[in-house]
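Below, each chain spelled out in residue letters.
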Amino acid sequence: MRNLYQLTPAEATVAIAIARGEGLQAVADELGISLTTARTHLQHVFEKTETRRQAELVRLIAASGFYDRQ
């Protein structure tokens, strides 16, 4: 996933956590970053994957099978 969409490690971590159903605040806490930084990472993920909402991102990850490989 990182290579296909050119995500940074932090962006990929946020994307996978969202796909697992974790809230953004929980992701920020898990990574030890602010909620604002987590939102920025998620926005970059949306841009790089050409998605606009978390539901779209989850569908993309589920359909691609990336979540199964993490």
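Residues numbered from 1 in each chain as written. Predicted model: local features only at pLDDT ≥ 70, side-chain atom pairs only at ≥ 80, totals over all residues. Heavy atoms only, no water.

K.L.:
Looking at this structure, I do not really get the packing of helix α2 (residues 9-19) against helix α5 (residues 54-64). What am I missing?
P.N.:
The relative placement of two packed helices is expressed as an angle between their axes plus a distance between the axes. Between α2 and α5, whose axes approach to 9 Å, the crossing angle comes to 95°. With respect to α5, the element α2 is oriented roughly perpendicular. Contacts between α2 and α5 pair Ala15, Ile16, Ile18 and Ala19 from the former with Gln54, Leu57, Val58 and Ile61 from the latter. Per-class residue counts for the contact of α2 with α5 are 7 nonpolar, 1 polar and no charged. (Axes fitted to C-alpha atoms, helices over the stretch in contact; angles between N-to-C directions. Helix = DSSP H or I, 4+ residues; strand = E, 2+ residues; numbered from the N terminus. Parallel < 35°, antiparallel > 145°, perpendicular 65-115°, else oblique. Contact = heavy atoms within 4.5 Å. Nonpolar A, V, L, I, M, F, W, Y, C, P; charged D, E, K, R; others polar.)

K.L.:
Please clarify how α2 should be interpreted in this entry.
P.N.:
Along an α-helix, residues three or four apart share an orientation, since each turn contains 3.6 residues. Every buried residue of α2 is listed here: Glu11, Ala12, Val14, Ala15, Ile16, Ala17 and Ile18. Immediately downstream of α2, the backbone of Gly21 shows phi near 95°, a positive value. (Buried < 20%, exposed > 50% of the residue type's maximum accessible area, 1.4 Å probe, protein only.)

K.L.:
Before we go on, may I ask you to explain the nonpolar core in this structure?
P.N.:
Judged by nonpolar contacts, the single largest core of 18 residues is most densely connected at Met1, Ile18, Leu42 and Leu57. Of all elements in the fold, only α2, α3 (24-31), α4 (35-49) and α5 reach the threshold of two or more residues within this core. Excluding its chain neighbours within four sequence positions, the residues that come into contact with Ile18 are Leu24, Val27, Leu42, Gln54, Leu57 and Val58. (Core = buried A, V, L, I, M, F, W, Y, C linked by side-chain atoms within 4.5 Å.)

K.L.:
Would you take a moment to explain the confidence of the model for the protein for this structure?
P.N.:
In low-pLDDT segments, the atomic positions of the prediction should not be examined closely. Counting all residues, the mean pLDDT for the protein is 91, and 93% of those residues have values of 70 or more. Here helix α6 (residues 66-69) stands out as the least confident element of the protein, with mean pLDDT 57; α4 is the most confident, with 97. (pLDDT = per-residue confidence, 0-100.)

K.L.:
Just checking my understanding: could you explain the pattern of salt bridges for this structure?
P.N.:
If charged atoms from side chains of opposite charge come close, those side chains can pair. Tallied over the entire structure, the rule returns 4 salt bridges. Notably, a salt bridge pairs Arg20 with Glu22, separated by 2.5 Å at the nearest N-O pair. For Arg20, a relative accessible area of 39% corresponds to the partly exposed category. When its relative accessible area of 22% is taken as the criterion, Glu22 is described as partly exposed. Overlapping salt bridges bring together Arg20, Glu22 and Glu30 as one network. (Salt bridge = Lys/Arg side-chain N within 4 Å of Asp/Glu carboxyl O.)

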